[in-house]
Amino acid sequence: MSPSSPPPPSLPVSASEAAAGAVGAPPQSVDLTNWFLDAKRSLASVALCARANSLVDSARGALQEAAIVSSKCLFLRNALQDQLLVVIRVNRMMHSVREASKSDFEKIVADLDNADARLNQTLGVLRKSVVDPAFNPPGNPEREESTPMATKPRTLHDFVDDEGIENLKSRLRHLIDQVQESHDALLTSLTEFDGDISELDTTINNLTEFASNNSQGGRITSESIRPQIHALEEQAGAMAGLLEALTQHYDRCSEALKQSEPTTNHNQEGGMMGMAESMSPEEKQEMYRVLEKDAMEVDDVVTELKERYNDMENIQSHVLGQLEELNMLRHNTYATFALFEQFQTNLGSYVERMREFETQQEGYARGMEDRLDELWQLGEFYEGFISAYDAMVIEVGRRKGVSVRMETIIRDAMKKLQVLYDDDLADREAFKEEQGHLLPVDIWPGVMDPPIRSSVVKDTNGASELPGISKEVIEQALARQQQQGKGGM
């Protein structure tokens, strides 16, 4: 019999229903006695009703406990979900910081690669740029030695500070390694952070799923228990009605049994004198007929009471099962809360590592910017060195041109001086021929002197001779200078 089915009809029947039946013979005394004993035994079902009331009280207590547990779990679960959203935003911010730093790092590494490629290209040009042998120092014993190095031509790269360049690149490589290590360390920290978030998210999802679907396929809340409490109350009410019907049947059996006894006994026991005589034979017959009909239903009523009680026990078991699941939900919620508490320590370390990472990146960025400037300056310096060498070759050509023009002027002057000298010498000789014999010797000692000869003497002023650079080399330097002026190297 289901908990929601209506209670069975009560044992007593109405007089109109009794009148519809045939009037039978009065029952024997033994029948009344058996009916009375059966009715008395049926009243033992009052214990079932008492236990049924206890089940209802227990279920009501479970409902109150479920309401408290459900509210606490819902509050904590919502709070944990809000905390998880905050943690996820913090995690995304950290990933954004790392990605931005990684982008800046890749950009400056690209700039460093460009500067390094430019410097290497310039150094390559220096290696291919042979210094004209005319610039070799004269009388250098080291270059006169018969060694392989003595015959190797000098290049512009021989004047490069390779040790300084390698030192700069070594510092750059060290900085790049430090930046990479800091990025790897942060990535490891963020990976752990991601793992913690995944674990927390999975735990909360499992908690939400457990709260949404219990073993009976419903949501675990106090409201899910309330309909079952109503079913228990309905079953208990129906059992109370059945027990009341059994009690009434017992009272009727007791009364009928007393009426079947002698009048004197009635007077002695209960003062019911004249009661048997007050009932007509038809009324007695009707009473016996009702008693007989109810007596036939006693066992069915007792069975129904037991069935209803069993149904109530099943409902109670279901309620306690849901309460147990609520308590399990509370346990899991507290465990998740404890997991969040433990995660707070990890979160602090993640934030501290992020702060340390940002501080490190600021220092590394400044260092790499400084090294980048040095690298660019080196490239510009050695590019200027190549241009300066060509300018030096051109300067040698210019000086040689000046020297040639000076030699030309000197030769022209010497020719003119020689003509003047010769003319002066001829004139003096003519003067001596015409007048010399007439003049006393001591009148002017120099009258017979030859002309003074003039000459041009080079004053090196400590300067060395100009290198003997060929015209072809000078023209090549001029061509490179012109090309550089148009934008090429």
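Criteria and thresholds
Residues numbered from 1 in each chain as written. Predicted model: local features only at pLDDT ≥ 70, side-chain atom pairs only at ≥ 80, totals over all residues. Heavy atoms only, no water. UniProt positions renumbered as here; feature names shortened; annotations may be inferred. Helix = DSSP H or I, 4+ residues; strand = E, 2+ residues; numbered from the N terminus. Expected span 1.5 Å × (residues − 1). Buried < 20%, exposed > 50% of the residue type's maximum accessible area, 1.4 Å probe, protein only. Arc of directions from axis to C-beta. Contact = heavy atoms within 4.5 Å. 1 Å grid on protein atoms, 1.4 Å probe; cavity = no way out; pocket = protein on both sides within 12 Å on 5 of 7 lines; lining within 4 Å. Points joined across faces, edges and corners; volume = space filled by probe spheres on them. Nonpolar A, V, L, I, M, F, W, Y, C, P; charged D, E, K, R; others polar. Salt bridge = Lys/Arg side-chain N within 4 Å of Asp/Glu carboxyl O. Axes fitted to C-alpha atoms, helices over the stretch in contact; angles between N-to-C directions. Parallel < 35°, antiparallel > 145°, perpendicular 65-115°, else oblique. Left-handed = near helix turned anticlockwise from the far one by under 90°.

The protein chain appears in an unreviewed UniProt entry as Autophagy-related protein 17 from Tuber melanosporum. Per UniProt, the protein chain carries the Sequence similarities (unreviewed entry) text "Belongs to the ATG17 family." You can read under Function (unreviewed entry) in the UniProt record for the protein chain the words "Autophagy-specific protein that functions in response to autophagy-inducing signals as a scaffold to recruit other ATG proteins to organize preautophagosomal structure (PAS) formation. Modulates the timing and magnitude of the autophagy response, such as the size of the sequestering vesicles. Plays particularly a role in pexophagy and nucleophagy."

Topic: helix H11 (residues 471-485)
For H11, built from 15 residues, the straight-helix expectation of 21 Å at 1.5 Å per residue is met to within 8% by its first-to-last C-alpha distance of 21 Å. Those residues of H11 that sit buried are Val473, Ile474 and Ala477. Considered in projection along H11, the buried side chains sweep an arc of 100 degrees and stay on one side of the axis. Opposite its buried face, H11 presents the exposed residues Lys471, Glu472 and Gln482, each directed more than 90 degrees away. Tucked into the core, H11 has its buried residues touching helix H10 (281-435).

Re the environment of Glu358
Structurally, Glu358 can be placed in helix H10. Accessibility expressed as a relative area gives 35% for Glu358, which makes it partly exposed. In this structure, the C-alpha to C-alpha distance between Glu358 and Arg98, residues 260 residues apart in sequence, is 8.9 Å.

Quick notes on the layout of surface pockets
Put simply, the largest pocket is a space of about 550 Å³. Ser403, Met406, Lys458, Glu465 and Leu466 are the residues nearest the centre of the largest pocket, which is lined by 17 residues in total. Residues of the lining of the largest pocket, tallied by class, amount to eight nonpolar, three polar and six charged.

Topic: the pattern of salt bridges
Taken as a whole and judged by the stated rule, the model has 14 salt bridges. When salt bridges that share partners are traced, they join Arg171, Arg371 and Glu374 into one network.

Focus: the packing of helix H6 (residues 162-212) against H10
Running from N to C, H6 and H10 point in directions that differ by 160 degrees, and their axes come no closer than 8 Å. In terms of their interaxial angle, H6 and H10 are classed as roughly antiparallel. Between H6 and H10 lies a crossing whose hand is left-handed. Tallied by class, the residues present in the contact of H6 with H10 amount to 27 nonpolar, 12 polar and eight charged.

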